Every structure is written in structure tokens, then in C-alpha cells.
Amino acid sequence: MKAFLTDVQKLGDRVRQEIRKGPATETEVSRSIVILNQALALNMVCVLRHMRHFVTADRFDARVVAQEFLEHTVRESENSDLIVTRIRELGGEPEYERHSAAKRGQLECSTSSEFEDIIRADLATEQSAIAAYAEMIAWLADVDPISSELLQQILSLEEEHAEVMLNFVTVVIT
Ligand SMILES: [Fe+2]
């Protein structure tokens, strides 16, 4: 599970590196594409993470939790499609982080108490993703308001997911 948090933190660091180069001019569309590709990578880590949790919850017969993670997976996948579409609109090529996905296929835990720890750690990962999206949104706002608005929608969904997970931690699990 820590691997997912590390992935998200690394992606957040890459976003910050790009942002630290300063604001883009209107002709620097390529910089919006770089940021959107980081958002895509971040989103795909989230898709995979939610999918792993769906499979794990299903294995422990935690039906409500499993259903919720399945829904998160589907909604995050739709967001990946929207980011890909926007990258193409800007004339860019979407870059998929297949390498990190390939390393995350193993089962994450063998007991339900370990699964509880996973959901707690997942909350931290979701919050790290939210922080990275917020920085991208602020940076894009002036140079590419359409992409900024798109990431704002995605951020709102991540906030909903974080709230659901907080609910699992405080109500369902404890
Ligand atoms: Fe999410």
C-alpha cells in the first residue's frame, strides 16, 4: 500500500518541479500537456488503487466497501478518458505509466485488520493526490482555464472519495 502513496508523492513532486519553472505563456501549450500527463499518471494510479481495494474488499465479503471502491474505479477511469481527450485537443500525446502499474499486481493483505490499515493509508494517498491536483489547477488557471476546470472536476471527485474513506475509517471499521 505504501507503494501507492510513494507513487502519488513522486507524481506530486514532478508537478511541483514543472510549476517551479514559473508561469507558462499562452504559446507554451506543451507545458499544459506536461502537467496534464502528470494528472493522467496520478489518475491511473488512483484507478489501480481503487480497483485493488475493490478486489480485496470483495475477498473479505465487505460488500458495502467493495461496491464503493468499484464505483470509485469506474468514475476515475472516466476521468482518465477526459484527460486523454484534453491532451489530444491540445495536440499532445497521452503518456501512460504502465511500468508502475505492472509492479502493483500483488495481493496487498491477508487479514481484514490489515485491510483496515490499508484503507487508513489510502486516505493519506487520496489527500496527497488532492494536494497535487490543487497545485495543477492553480497553475493552469491563467494559461489553460479549460484544463484547470477539468482538473477541478476531478479534484471534487477525489474529495468525495476521501470523505467516503474517512467514513469507512471512523464508522464502518472502528
Ligand atoms: Fe480517488
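Residues numbered from 1 in each chain as written. Predicted model: local features only at pLDDT ≥ 70, side-chain atom pairs only at ≥ 80, totals over all residues. Heavy atoms only, no water.

### Side note on the overall build of the protein chain
Part 1: Scanning the protein chain from N- to C-terminus turns up 6 helices and 0 strands.
Part 2: Beginning at the N terminus, the succession of helices and strands in the protein chain can be written as α-α-α-α-α-α.
Part 3: Each of the 174 residues in the protein chain was classed as buried or not, and the buried ones make up 45%.
Part 4: Only carbon and sulfur atoms are counted for the fraction: they give 54% of the accessible area of the protein chain, which is about 8800 Å². (Helix = DSSP H or I, 4+ residues; strand = E, 2+ residues; numbered from the N terminus. Buried < 20%, exposed > 50% of the residue type's maximum accessible area, 1.4 Å probe, protein only. Areas by Shrake-Rupley, 256 points an atom, 1.4 Å probe, with all protein chains shown as cover.)

### Focus on the packing of helix H3 (residues 63-89) against helix H5 (residues 112-143)
Part 1: Running from amino to carboxyl end, H3 crosses H5 at an angle of 30°, the nearest separation of the two axes being 14 Å. In this view, H3 runs roughly parallel relative to H5, as classed from their interaxial angle. Where H3 crosses over H5, the two elements pack in a sense that is left-handed. Residues Val65, Phe69 and Glu76 of H3 lie in contact with H5, whose contacting residues are Phe115, Ile119, Asp122 and Glu126.
Part 2: When its residues are assigned to classes, the contact of H3 with H5 shows 4 nonpolar, no polar and 3 charged. (Axes fitted to C-alpha atoms, helices over the stretch in contact; angles between N-to-C directions. Parallel < 35°, antiparallel > 145°, perpendicular 65-115°, else oblique. Left-handed = near helix turned anticlockwise from the far one by under 90°. Contact = heavy atoms within 4.5 Å. Nonpolar A, V, L, I, M, F, W, Y, C, P; charged D, E, K, R; others polar.)

### A few points about the coordination of the iron ion
Part 1: Distances from the iron ion to its protein donors, namely His50 (NE2), Glu76 (OE), Glu126 (OE), Glu158 (OE) and His161 (ND1), fall within the range 2.0 to 2.4 Å.
Part 2: Read in sequence order, the donor residues for the iron ion give the motif H-x25-E-x49-E-x31-E-x2-H. Of this pair, Glu76 sits in helix H3 while His161 is found in helix H6 (residues 145-173), placing the two residues 85 residues apart along the sequence. With respect to burial, Glu76 and His161 carry one shared label: buried. (Donors = N, O, S within 2.8 Å, 3.2 Å for Na, K, Ca; no water.)

### Remarks on the pattern of salt bridges
Part 1: For the coordinates displayed, the defined rule picks out 10 salt bridges.
Part 2: The salt bridge partner of Glu18 is Arg31, with a shortest N-O separation of 2.7 Å. Here Arg31 lies in helix H2 (residues 29-59) and Glu18 lies in helix H1 (residues 2-20), a separation of 13 residues in the sequence.
Part 3: Using a relative accessible area of 7% as the deciding quantity, one classes Glu18 as buried.
Part 4: Its salt-bridge partner being Glu28, residue Arg31 comes within 3.9 Å of it at the nearest N-O pair. (Salt bridge = Lys/Arg side-chain N within 4 Å of Asp/Glu carboxyl O.)

### Examining the environment of Ile87
Part 1: Summarising the element assignment, Ile87 is placed in helix H3.
Part 2: For Ile87, a relative accessible area of 0% gives the class buried.
Part 3: With 51 residues separating them in the primary sequence, Ile87 and Leu36 have C-alpha atoms 6.7 Å apart.
Part 4: Discounting chain neighbours no more than four positions away, the residues touching Ile87 are Ile33, Leu36, Asn37, Leu40, Gly92, Glu93 and Pro94.

### What to know about the side chain of Arg86
Part 1: Along the polypeptide, Arg86 turns up in helix H3.
Part 2: Reaching out from Arg86, the side chain makes a polar contact with the side chain of Glu89 at a distance of 2.8 Å.
Part 3: Side chain to side chain, Arg86 and Asp144 meet in a polar contact 2.8 Å long.
Part 4: Among all residues touching Arg86, those that are not within four sequence positions of it are Leu36, Asp144, Ile146, Ser147 and Leu150. (Polar contact = N/O pair within 3.5 Å; in protein donor to acceptor, adjacent residues only side chain to side chain.)

### Remarks on the nonpolar core
Part 1: By size, the foremost hydrophobic cluster in this structure holds 43 residues, and its most contacted members are Leu42, Ile83, Phe115, Ile119, Tyr133, Met136 and Leu151.
Part 2: Elements that contribute at least two residues to this core include exactly H1, H2, H3, H5 and H6.
Part 3: Examining the composition of this core, we find that 12 residues originate from one element, H5, more than from any other.
Part 4: Excluding its chain neighbours within four sequence positions, the residues that come into contact with Tyr133 are Ala39, Leu42, Asn43, Ile154, Leu155 and Glu158. (Core = buried A, V, L, I, M, F, W, Y, C linked by side-chain atoms within 4.5 Å.)

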